[in-house]
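Listed below are the residues making up each chain.
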Amino acid sequence: MATHLYRLARFCYRRRAAVLAIWLAVLLALGGLAAAFSGKTGDEFRVPGTEAQRTLDRISKSLPDYANASAQVVFAADPGKSVTAPDQRRAIDAATGAIAATRGVASVVEPFAANAVSPDGRIALARVVFDDKLKDLADGPRDTVRDAANAARPAGLRVELGGDAYTPTVEVEGGEAIGVAVAVLVLLITFGSVVAAGLPIVTALVGVGVGMAGLLVLTGPFEVISTAPVLALMIGMAVGIDYALFIVSRHRQNLAEGMAPEEAAARANGTAGSAVLFAGSTVVVALAGLAVAGVPFLTVMGLAAAGAVIVAMLVAITLLPALLGYAGRSIERLRVPGLRDARRGPGAGERWVRLVVRRPILVLVACLVGIGVLAIPAKDLRLGLPSAGSYPQGSSARNAYDLVSDGFGAGYNGPLVAVVEVRAGTDPGPAVEHAARRLAALPGVADVLPPSFDASGRLAAITVIPTAGPDAKTTQDLVTRIRDQRADLRRTGTELTVTGSTAGNIDVSAKLGAALPAFLLVIVGISLLLLTLAFRSLLVPLKAVLGFLFSTAATCGVVVAVYQWGWFTDVIPVPQVGPVVSFLPILLIGVLFGLAMDYELFLVSRMKEERTHGASASDAVIAGFAGGARVVTAAALIMISVFGSFAFAHDPIVQPIGFALAVGVTIDAFVIRMALVPAVMALLGRLAWWFPKSWERHIPRVDMEGEALAGRPAHREPLRT
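The following refers to the structure shown. Note that the structure is predicted; figures quoted are calculated from it, not measured.

Side note on the overall build of the chain
Then, number 1: When you go through the chain residue by residue, the secondary structure sums to 23 helices and eleven strands.
Then, number 2: The globule rule puts the C-alpha radius of gyration for 721 residues at 27 Å, and the 29 Å found for the chain is close to it.
Then, number 3: Dimensions of the chain, computed from C-alpha atoms along their principal axes, come out at roughly 90 × 50 × 45 Å.
Then, number 4: Relative to its 721 residues, the chain shows a buried fraction of 57%.
Then, number 5: Contacts in the chain between residues at least 24 apart in sequence constitute 81% of all its contacts with a sequence separation of at least 6.
Then, number 6: Total accessible area on the chain is roughly 28500 Å²; 62% of this is exposed by carbon and sulfur atoms.
Then, number 7: The average position of the 63 basic charges and that of the 56 acidic charges among the side chains of the chain differ by 11 Å.

Examining the nonpolar core
Then, number 1: Counting residues in each nonpolar core, the largest one holds 162 residues, and the members touching the most others are Tyr243, Phe297, Leu298, Phe583 and Phe643.
Then, number 2: A total of 19 residues in this core trace back to one element, the largest contributor, which is helix 10 (residues 296–327).
Then, number 3: When sequence neighbours within four positions are dropped, the list of residues in contact with Tyr243 reads Val276, Ala279, Gly280, Val283, Val309, Ala312, Met313, Ala316 and Asp598.
Then, number 4: Listed in part, the 29 residues of the second largest apolar core include Ala77, Ala124, Leu134 and Leu161.

Some remarks on the packing of helix 1 (residues 2–14) against helix 10
Then, number 1: Orientation of helix 1 relative to helix 10, taken along the N-to-C sense of each, is 50°, at an axis distance of 7 Å. On the basis of their axis angle, the class for helix 1 and helix 10 is oblique. Helix-helix and strand crossings are classified by hand; for helix 1 and helix 10 the assignment is right-handed. Across from Leu5, Leu8, Ala9, Cys12 and Tyr13 in helix 1, the residues of helix 10 making contact are Ile317, Thr318, Pro321, Ala322, Leu324 and Gly325.
Then, number 2: For the contact of helix 1 with helix 10, a count of residues per class yields nine nonpolar, two polar and no charged.

As for the sheet that holds strand 1 (residues 70–76)
Then, number 1: Read from one edge to the other, the open sheet built from four strands follows the order 2-3-1-4, with strand pairing classed as antiparallel. One side of each edge strand has no neighbouring strand; the edge strands of this open sheet are strand 2 (105–109) and strand 4 (158–162). Sheet twist, expressed as the mean angle between neighbouring strand axes with direction ignored, is 20°.
Then, number 2: Where strand 1 lies against strand 3 (residues 123–130), seven bridges are found, and the strand directions are antiparallel. Directly across from Val74, in strand 3, lies its bridge partner Leu125.
Then, number 3: Where helix 5 (residues 139–150) meets the sheet, its contacts fall on strand 1, strand 2, strand 3 and strand 4, and the angle it forms with strand 4 comes to roughly 155°.
Then, number 4: With respect to the sheet, helix 13 (residues 396–408) is in contact with strand 1, strand 3 and strand 4, its orientation differing from that of strand 4 by roughly 105°.

Quick look at the pairing of strand 9 (residues 459–466)
Then, number 1: When you tally the buried positions in strand 9, you get eight out of eight residues, the bulk of the element.
Then, number 2: Two elements, strand 6 (residues 416–422) and strand 9, share six bridges in a ladder whose sense is antiparallel. The partner of Val420 across the bridge, within strand 9, is Ala460.
Then, number 3: The sheet contact formed by strand 8 (residues 452–453) and strand 9 spans two bridges and is antiparallel. Residue pairing across strands places Ser452 opposite Ala461, the latter belonging to strand 9.
Then, number 4: Hairpin geometry of strand 8 and strand 9 is characterised by an intervening segment of five residues between the two adjacent antiparallel strands and by a positive phi of about 80° at Gly457.

Here's the deal with the state of the cysteines
Then, number 1: Taken as a whole and judged by the stated rule, the model has zero disulfides.
Then, number 2: No disulfide involves Cys556; its sulfur sits 19 Å from the nearest other cysteine sulfur, which is in Cys367.
Then, number 3: A relative accessible area of 14% means that Cys556 is categorised as buried.

What to know about the side chain of Asp651
Then, number 1: Turning to its location among the elements, Asp651 is positioned in the loop between helix 20 (617–646) and helix 21 (654–684).
Then, number 2: There is no salt bridge for the buried Asp651, and the closest opposite charge comes from Arg398, which lies 12 Å off by N-O distance.
Then, number 3: In this structure the side chain of Asp651 is engaged in a polar contact, spanning 2.9 Å, whose partner is the backbone nitrogen of Ile653.

Observations concerning unusual backbone geometry
Peptide bonds are mostly trans, and most non-glycine residues show a negative phi.
Then, number 1: Although it is not a glycine, Leu334 sits at a positive phi angle of roughly 60°.
Then, number 2: According to the relative accessible area criterion, Leu334 is exposed, its value standing at 54%.
Then, number 3: Unlike most non-glycine residues, Arg536 shows phi in positive territory, near 50°.
Then, number 4: Of note, Arg536 is situated in the loop between helix 17 (501–535) and helix 18 (539–564).

Let's talk about the pairing of strand 10 (residues 494–499)
Moving residue by residue along a regular strand, the side chains alternate between the two faces of the sheet.
Then, number 1: Counting buried residues in strand 10 gives five out of six residues, a clear majority hidden from the surface.
Then, number 2: Relative to strand 10, strand 6 runs antiparallel, the two being bridged by six bridges. Following the sheet pairing, Val420 is matched in strand 10 by Leu496.

Rules behind the numbers
Residues numbered from 1 in each chain as written. Predicted model: local features only at pLDDT ≥ 70, side-chain atom pairs only at ≥ 80, totals over all residues. Heavy atoms only, no water. Helix = DSSP H or I, 4+ residues; strand = E, 2+ residues; numbered from the N terminus. Rg over C-alpha atoms; globule rule 2.2 N^0.38 Å. Buried < 20%, exposed > 50% of the residue type's maximum accessible area, 1.4 Å probe, protein only. Contact = heavy atoms within 4.5 Å. Areas by Shrake-Rupley, 256 points an atom, 1.4 Å probe, with all protein chains shown as cover. Lys, Arg positive; Asp, Glu negative; His and termini not counted. Charge placed at Lys NZ, Arg CZ, Asp CG, Glu CD. Core = buried A, V, L, I, M, F, W, Y, C linked by side-chain atoms within 4.5 Å. Axes fitted to C-alpha atoms, helices over the stretch in contact; angles between N-to-C directions. Parallel < 35°, antiparallel > 145°, perpendicular 65-115°, else oblique. Left-handed = near helix turned anticlockwise from the far one by under 90°. Nonpolar A, V, L, I, M, F, W, Y, C, P; charged D, E, K, R; others polar. Pairing = 2+ DSSP bridges. Disulfide = S-S within 2.5 Å. Salt bridge = Lys/Arg side-chain N within 4 Å of Asp/Glu carboxyl O. Polar contact = N/O pair within 3.5 Å; in protein donor to acceptor, adjacent residues only side chain to side chain.

Given below as C-alpha cells:
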C-alpha cells in the first residue's frame with residue numbers, strides 16, 4: 001500500500017494543475033446538479049416491520065385520518081380570559097372554517113364541536129388531518145393552514161401549531177463555523193505557519209463541498225432523512241481536517257530531514273497516507289455497518305456519513321499532494337510569531353510518555369477507575385425518540401406542546417391508537433365497546449375517545465390518551481399493557497394492535513435496542529480482523545478493542561447523566577430531560593469505533609514503525625508516541641471542536657449526537673489512546689508484537705510503516721518548479 005500511495009502522490013504532485021482542475025470541476029458539477037435536482041429531506045423515523053408501522057400501513061386506506069399527516073392547532077386566550085367569549089369564539093370558528101376549506105386538508109375536528117376546550121376555558125384544541133401522508137405532504141397546504149390559523153390572532157388569541165406536520169426540520173444552523181474557527185486556531189498552534197495550517201482547512205472544505213453536494217443530488221430520487229446531511233457534514237468536516245493534518249505533519253517532518261518537497265510529499269503519502277487510508281476504511285466499514293440494525297433511516301445516515309469519509313480520504317491522498325506541490329518549501333511561510341517549532345527538542349508528549357513508561361501500572365489503574373466512574377450512569381440508559389417537548393423554548397411546536405400539556409394533560413401530546421379488527425361471525429359494535437372498556441380500565445389511561453369505524457364496520461380505531469407524555473416510562477409501559485390484552489380479546493373474536501406516532505417511536509427504540517448487541521459484535525469482529533492485518537499482532541488489536549469498549553461505556557454514562565438525569569443542564573442547553581435518542585448508542589458505537597481506530601493506528605503504527613526499524617520495545621513506545629502525540633492531540637482537539645459546536649444546536653437529535661461524539665473523542669483520545677495505550681504497551685513489552693509464525697504465510701501483509709520505501713533512496717536534490 002505504501003508504494004502505491006507514494007507513486008500516487010508523486011503523480012499528483014507533478015500533475016498538480018490537472019488534479020486541482022479535476023476536483024474543482026467535480027465540485028462545480030455536483031453543485032450544479034444539487035441546485036437542479038435536489039429534493040426534500042424527510043423527518044419520519046419509520047421502521048418497516050414493527051407492529052406500529054404494519055398497523056399504520058394496514059389502515060392507511062380504510063382509516064386515513066389515522067395514517068395521514070396531522071396537526072394540532074392550539075388557540076389560547078390571555079390569562080383570566082376564555083376562548084368561549086363571543087369575539088374569541090367567532091375568530092376560532094372562522095379560522096377552523098378556513099382551514100377546513102383549504103385544498104389538501106381532509107378534515108378538521110373543531111374544538112367546540114368536540115368539546116376540546118380546557119377545563120378553565122383558556123385553551124382550545126383543533127385537530128387537522130391532511131390528504132397526504134407526511135412524506136408526501138407539500139409545503140402549500142401547511143402554509144395555508146398556518147395563515148388561516150394565524151388569522152385568529154387579532155382577536156387577542158395566541159395561536160400555535162404542532163403535530164407531525166409542523167415538526168421542525170433538522171437544519172444546519174451555522175454553529176459549525178465556531179468549530180472550524182477553533183480548528184484553525186489549533187492548526188496554527190500545531191504548525192506555527194499560516195500556509196501549513198491552511199492546507200487541511202482548504203482540503204476539508206473541498207471534501208465537504210463535494211460530499212454534501214453529492215448527497216443533496218440523491219435527495220431527489222431517494223428518501224433521505226433530514227439528520228443524514230447534518231451527520232455527513234459533522235463527520236466529513238472533522239475527518240477531512242484530521243486526515244490532512246496527519247499527512248501535512250509527516251510532510252513537514254520529511255522536509256526537516258532534508259528531503260526535497262516532492263519526495264517529502266510522496267513519502268508522507270506512503271506512510272501517514274497509508275494510516276489515513278486504513279483508518280478511514282475502518283470508519284467507512286463501521287458507518288456502513290449501521291445497516292446491520294435493519295433500520296432504513298439509520299442505514300441512510302450511516303451511508304451518507306460513510307460517503308463523506310470516502311471523499312475526505314480521496315481528497316487527502318490526491319488533492320493534498322497537489323497542493324503541497326504548489327506550496328513547495330513555502331509551506332513554512334507566514335510563521336506565527338512567538339510559537340516554538342515543535343520539531344526541535346523533546347516536547348510535552350515525550351515527557352508524558354516517559355512518565356507513563358516509568359509508572360505504567362499507576363497510569364493503568366487511574367484510567368480504569370476514572371472510566372469505571374464515568375460509566376456508572378450507563379446502567380440506567382433508556383432509549384426513546386424526542387417529542388415536541390424536546391424542541392427549544394419559543395418554537396411553535398414546543399409552545400403547542402406546552403399549551404396542550406397545561407390545558408389538557410401531557411398525554412394529549414402522545415395519544416395511542418388501538419386498532420380493533422372484528423372477525424366474521426362476531427357483532428362488531430359490542431366487541432369494540434368491550435375492547436374500549438378494557439382499555440379504559442388500564443393503569444396509565446387518562447381517557448378513551450369514541451371509536452371510529454371504517455366502511456365495513458369491522459375495523460375500528462380507538463384513541464387512548466395516556467396520563468403521561470410520550471417520553472414517559474409510564475407511557476411505554478402502557479403500550480405493553482395494551483398489547484398484553486390481545487390474548488383475552490382474541491377469545492371474544494377481536495384482534496388488537498397499537499399504532500400512532502408515540503407507539504411507533506417506542507417500537508423503533510425497542511428495535512434499535514435489540515440490534516445493539518449484534519451490531520457491537522460485528523464491530524468488534526471487524527476491528528479485530530482489520531487491526532490484526534494492520535499490526536500483525538494479537539494483543540495490540542485486543543487492547544485496542546477493549547479500549548474502544550471502555551470509552552464507549554464511559555461516553556454512554558456521561559450522556560445518561562446529562563440528558564437523562566439532568567446533570568449540568570445549566571451549562572449544556574438541554575431543552576428537556578428524558579430518554580436518550582434511541583439511535584444515539586448504535587450511532588456512537590459506529591462513529592466512535594472508526595475515530596478511535598484513527599488514533600490507535602496513527603499512534604501505534606508509529607510505534608511499530610520504530611520497532612520495525614530496530615528500536616527496543618520501550619524505546620519504540622517512547623519514540624512512536626513522541627512522534628505522533630502532538631498531531632493526535634491536535635486532531636482530537638479539532639474533532640472535539642467540530643462535534644462540540646453541534647452540541648449547542650437547537651435540534652433535539654443533532655445536539656445530543658454532537659455532545660456524545662465530542663465527549664467520546666475526548667475520553668478515547670486523551671484517556672485511552674494517550675494514557676492507557678502507552679501504559680499497556682510498556683507493560684507488554686516485546687510480547688505486544690507477538691504473532692504466531694504459522695499465521696505469517698496466511699495473513700496478507702499491509703505495509704503502513706513504509707518498509708517498502710525504506711530501501712528507496714530519498715531524493716534530496718532541489719526540484720525544478
